[in-house]
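# Per-entry structural report
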Amino acid sequence: MTKHEPLKHNEAIMNRLNKEQRTKIIAALVEGNSLRATARMCNVAFNTVLKLVPEIGKACADYQDRTLRNLSCKLIQCDEIWSFCYAKDKNVPDDKRGKFGYGDVWTWVAIDAETKLVPSFMVGTRGAETAKRFMQDLAARLANRVQLTTDGHRVYLNAVEEAFGSDIDYAMLVKLYGNDAEAETRYSPAECIGCQTVGITGKPDSKNVSTSFVERQNLTMRMMMRRFTRLTNAFSKKVENHFWAIALHYMHYNFCRIHQTLRVTPAMEAGIAGHVWTLEELVGLLEENFNATAA
């Protein structure tokens, strides 16, 4: 039997990954490949890829937290998207049931309808506490009064009021669905038979009350992050890695990926970046984060 060369799996090898190897791994991940597919494509071990995700994810999260401040956005849309970690709710063991990170996990996303920048995202439950923290984080990043649109999820009401007070033009877009007995057995919702605009605070312009862009962003998440793909075993096993993967996704989306309709990246359109970031620059955040931690 032919003796094959062992995979690069030990810690010493992982620490010696050069920038080119890291860039190849990140390039595969941001294009929607799973961890194992990325490992095969880049000729490294699964654990090498798994170890890199939190490292680059934290660097991306820290950079965006510092940079996405004092934003001059005008039209913000927010929504939340479902996923799960460890197992679906119905399959979570009794000793882990009710603990965050086991079962349903929701990602809350805000998008600027004009620049397509995603200034804030948060991973948590679909409850009032996560909504409150999400809106407070969003409010802290904005430099001026904005018009905000959300869906009819009721937890937004108190969350927006606590974060913005009266300094916002806020409306809900409530979708009305017909009765469909098959809705529980498929992933698409029942047929939408109408929308109702509900003004909540200030004077929102009815022409700009929409959630179309943030709902399209949800599709982008499912297409570009394997963890969000339905009916596979690529879901996140740990909620921490789930968050780091999302941080990497939005760093790439905001700074590296040219938006088709804008012809520039969202960060460039928003005046935050002066050029299209390369993946090598994104990987360079690892060194910056390491040096900052060491200092």
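Note that the coordinates shown come from a computational prediction; the quantities given were computed from them, not determined experimentally. (Residues numbered from 1 in each chain as written. Predicted model: local features only at pLDDT ≥ 70, side-chain atom pairs only at ≥ 80, totals over all residues. Heavy atoms only, no water.)

Across the protein chain, the average pLDDT comes to 89, with 86% of residues at 70 or higher. Below pLDDT 50 for its whole length, residues 1-14 participates in 13 contacts with residues either more than four positions away or in separate chains. (pLDDT = per-residue confidence, 0-100. Contact = heavy atoms within 4.5 Å.)

Here helix α5 (residues 128-140) crosses helix α6 (residues 155-164) at 35 degrees, and the two axes come no closer than 8 Å. For the element pair α5 and α6, the recorded crossing hand is right-handed. Between α5 and α6, the contacting residues are A128, A131, K132, M135, Q136, L138 and A139 on the first element and V155, Y156, A159, V160, E162, A163 and F164 on the second. Residue classes in the contact of α5 with α6 are distributed as 11 nonpolar, 1 polar and 2 charged. (Axes fitted to C-alpha atoms, helices over the stretch in contact; angles between N-to-C directions. Helix = DSSP H or I, 4+ residues; strand = E, 2+ residues; numbered from the N terminus. Left-handed = near helix turned anticlockwise from the far one by under 90°. Nonpolar A, V, L, I, M, F, W, Y, C, P; charged D, E, K, R; others polar.)

Taken together, the buried positions of helix α3 (residues 35-42) are occupied by L35, A37, T38, A39 and C42. Its buried side turned inward, α3 meets α2 (19-30) and α4 (46-67). At the exit of α3 stands N43, carrying a positive phi of roughly 60 degrees. (Buried < 20%, exposed > 50% of the residue type's maximum accessible area, 1.4 Å probe, protein only.)

Counting 52 residues, the largest nonpolar core has I26, C78 and M135 as its most contacted members. In terms of residues, this core owes the most to one element, α4, which gives 7 residues. Not counting residues up to four positions away in its chain, the partners in contact with C78 are V109, A110, F134, M135, L138, L148, T149, T150, D151, Y156 and V214. I81, V214, M225 and Y253 belong to the second-largest nonpolar core, a separate cluster that totals 18 residues. (Core = buried A, V, L, I, M, F, W, Y, C linked by side-chain atoms within 4.5 Å.)

Applying the stated rule across the entire model yields 13 salt bridges. Residue D62 is joined to K58 by a salt bridge in which the shortest nitrogen-to-oxygen separation is 2.8 Å. Here K58 and D62 lie together in helix α4, a separation of 4 residues that amounts to about one turn. We classify D62 as partly exposed; its relative accessible area is 24%. The partly exposed category is assigned to K58, whose relative accessible area is 36%. When the shortest N-O distance is used, the salt bridge between R145 and D167 registers 3.4 Å. On the criterion of sequence distance, the pair formed by R145 in the loop between α5 and β4 (147-150) and D167 in the loop between α6 and β5 (169-177) is long-range, its members being 22 residues apart. Under the relative-accessibility criterion, D167 is labelled partly exposed at 45%. Residues joined in a network through salt bridges with shared partners are D65, R69, D137 and R141. (Salt bridge = Lys/Arg side-chain N within 4 Å of Asp/Glu carboxyl O.)

Along the polypeptide, I246 turns up in helix α8 (residues 239-256). We classify I246 as buried; its relative accessible area is 0%. Filtering out sequence-adjacent residues up to four positions away, I246 remains in contact with T107, F121, V123, M225 and F228.

Relative orientation of the contacting elements helix α7 (residues 212-224) and α8 amounts to 115 degrees, with a least axis distance of 11 Å. The handedness of the crossing between α7 and α8 is right-handed. Residue-level inspection shows Q217, T220, M221 and M224 of α7 in contact with α8, the latter providing H249, Y250 and Y253. A per-class count over the contact of α7 with α8 returns 4 nonpolar, 3 polar and no charged.

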